[in-house]
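# Inside the fold
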Amino acid sequence: MIAPRICLIHATPLAVAPVQAAFERLWPEAVRMNLLDDRLAPDLEATGRIDAALMERFAALARYAVQAGAQGVLFTCSAFGPAIEAAAAAAGVPTLKPNEAMFDEALDRCAARAAPGRAARIGMVATFAPSVAGMREELLALAARRGIACTLQVQCPGGALQALREGRADAHDALVEQAAGRLAGCDVLMLAQFSMAHLRERAAAAAGIAALSSPDSAVRRLRACLADPIPSPSTPHP
């Protein structure tokens, strides 16, 4: 069987290594190609909204991926939901937003632990603040469709992403770990940006709850979409 080609589309080089590591762990046979437009996030911050020009850039990236032979597309940038939805329509192949699979896995855990009369509490650490509003809207809409009552508590550790951009990985990691600790008491923890994926176990330990990372969840979903399923993690809750 010929391994499928997956195109990974990035808005920051910081997302490349984490998703490559997830593929190596969970789907090493997949052939990966990478596209990077490192002006996406700065342009979004400058305009403050996803405009028609940005939507077309995403659609163009998806069309290029398919023209290059991609059978699946994963966007690794977490603040561009509507643009990625438009790109998915243009691509015509399985196309994932970075966090949609993680949201489903978090809600699966909440449903399994549901208590009568209590909304599930989902915690999230986000280092890119502009992504939070869209992610909150997406998660709560998905929960409503699935009939799961939940709340979302978010911690945005100030300075963490800038530290990572400046090569101060230890400072970034410490800030994320501290933020995770402030979400103790939630039912499950999500790490919003791909660049935090390597901290999943440390974040889980700090919060005392199970933690999910978006790259691992996304790779599992893509592999399932292309008919080669692998099991969800069986790690027990801390």
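The preceding data block contains the structure.
Presented here is a report on the structure given in the accompanying data block. (Residues numbered from 1 in each chain as written. Predicted model: local features only at pLDDT ≥ 70, side-chain atom pairs only at ≥ 80, totals over all residues. Heavy atoms only, no water.)

### Remarks on the overall build of the chain
Which entries qualify depends on this criterion: Helix and strand assignments follow DSSP, with helices taken as H or I runs no shorter than four residues and strands as E runs no shorter than two, numbered in order from the N terminus. Three exposure classes are used, based on accessible area relative to the maximum for each residue type with a 1.4 Å probe and protein chains only: buried under 20%, partly exposed in between, and exposed over 50%. Whether two residues touch is decided by their heavy atoms; if any such pair falls within 4.5 Å, the residues are in contact. Shrake-Rupley sampling with a 1.4 Å probe provides the accessible areas, and residues are treated as covered by the protein chains on show and by no other component. Counting rule applied: Lys, Arg positive; Asp, Glu negative; His and chain ends not counted. Lysine's charge is taken at NZ, arginine's at CZ, aspartate's at CG and glutamate's at CD.
In terms of regular secondary structure, the chain is built from ten helices and eight strands. Each of the three principal axes of the chain carries a C-alpha extent, and together these read 50 × 40 × 30 Å. Burial status across the chain gives 49% buried among its 238 residues. In the chain, the proportion of contacts linking residues at least 24 apart, taken out of those at least 6 apart, comes to 70%. Taken as a whole, the chain presents about 10400 Å² of accessible surface, with 55% of it coming from carbon and sulfur. Here the chain holds 23 positive side-chain charges and 23 negative ones, and the gap between their average locations is 4 Å.

### A word on the pairing of strand 5 (residues 120-125)
We apply this condition: Strands pair, by our definition, only if DSSP identifies at least two bridges between them.
Across the six residues that make up strand 5, a large majority, five, are buried. As paired elements, strand 5 and strand 7 (residues 188-191) share four bridges and run parallel to each other. Opposite M124, over in strand 7, you have M190 as the bridge partner.

### Remarks on the state of the cysteines
Put simply, the test is: Pairs of cysteine sulfur atoms within 2.5 Å are identified as disulfides in what follows.
Counted by the stated rule, this structure contains zero disulfides. Not part of a disulfide, C225 finds its nearest cysteine sulfur in C7, a span of 16 Å. The exposure class assigned to C225 is partly exposed, which follows from its relative accessible area of 39%.

### Focus: the sheet that holds strand 2 (residues 31-36)
Read across the sheet, four strands follow the order 2-1-3-4 without closing on themselves; strand pairing throughout is parallel. Edge positions in the sheet fall to strand 2 and strand 4 (95-96), since each of these pairs with one other strand and no more.

### A closer look at the packing of helix 3 (residues 52-67) against helix 4 (residues 81-91)
For the record, the criterion: Interaxial angle, 0 to 180 degrees, is taken between N-to-C directions of lines fitted to C-alpha atoms, where a helix line uses only the stretch in contact. Throughout, a crossing is termed right-handed when the near helix is turned clockwise from the far one, and left-handed when it is turned anticlockwise from it by less than a right angle. Throughout, the ten residues Ala, Val, Leu, Ile, Met, Phe, Trp, Tyr, Cys and Pro are labelled nonpolar, Asp, Glu, Lys and Arg are labelled charged, and all others, Gly among them, are labelled polar.
Orientation of helix 3 relative to helix 4, taken along the N-to-C sense of each, is 35 degrees, at an axis distance of 8 Å. Viewed along their axes, helix 3 and helix 4 form a crossing whose handedness is right-handed. Along its contact with helix 3, which presents M55, F58, A59, A62, R63 and V66, the element helix 4 presents P82, A83, I84, A86, A87, A90 and A91. Looking at the contact of helix 3 with helix 4 residue by residue, the classes come out as twelve nonpolar, no polar and one charged.

### Observations regarding the pattern of salt bridges
Using the following cut-off: Counted as salt bridges are all cases of a side-chain nitrogen of Lys or Arg within 4 Å of a carboxyl oxygen of Asp or Glu.
Scanning all chains against the criterion turns up 15 salt bridges. Across the pair R57 and D37 runs a salt bridge, and its minimum N-O distance is 2.9 Å. Of this pair, R57 sits in helix 3 while D37 sits in the loop between strand 2 and helix 2 (40-47), and the two are 20 residues apart along the sequence.

No statement about biological role is implied by the geometric values presented.
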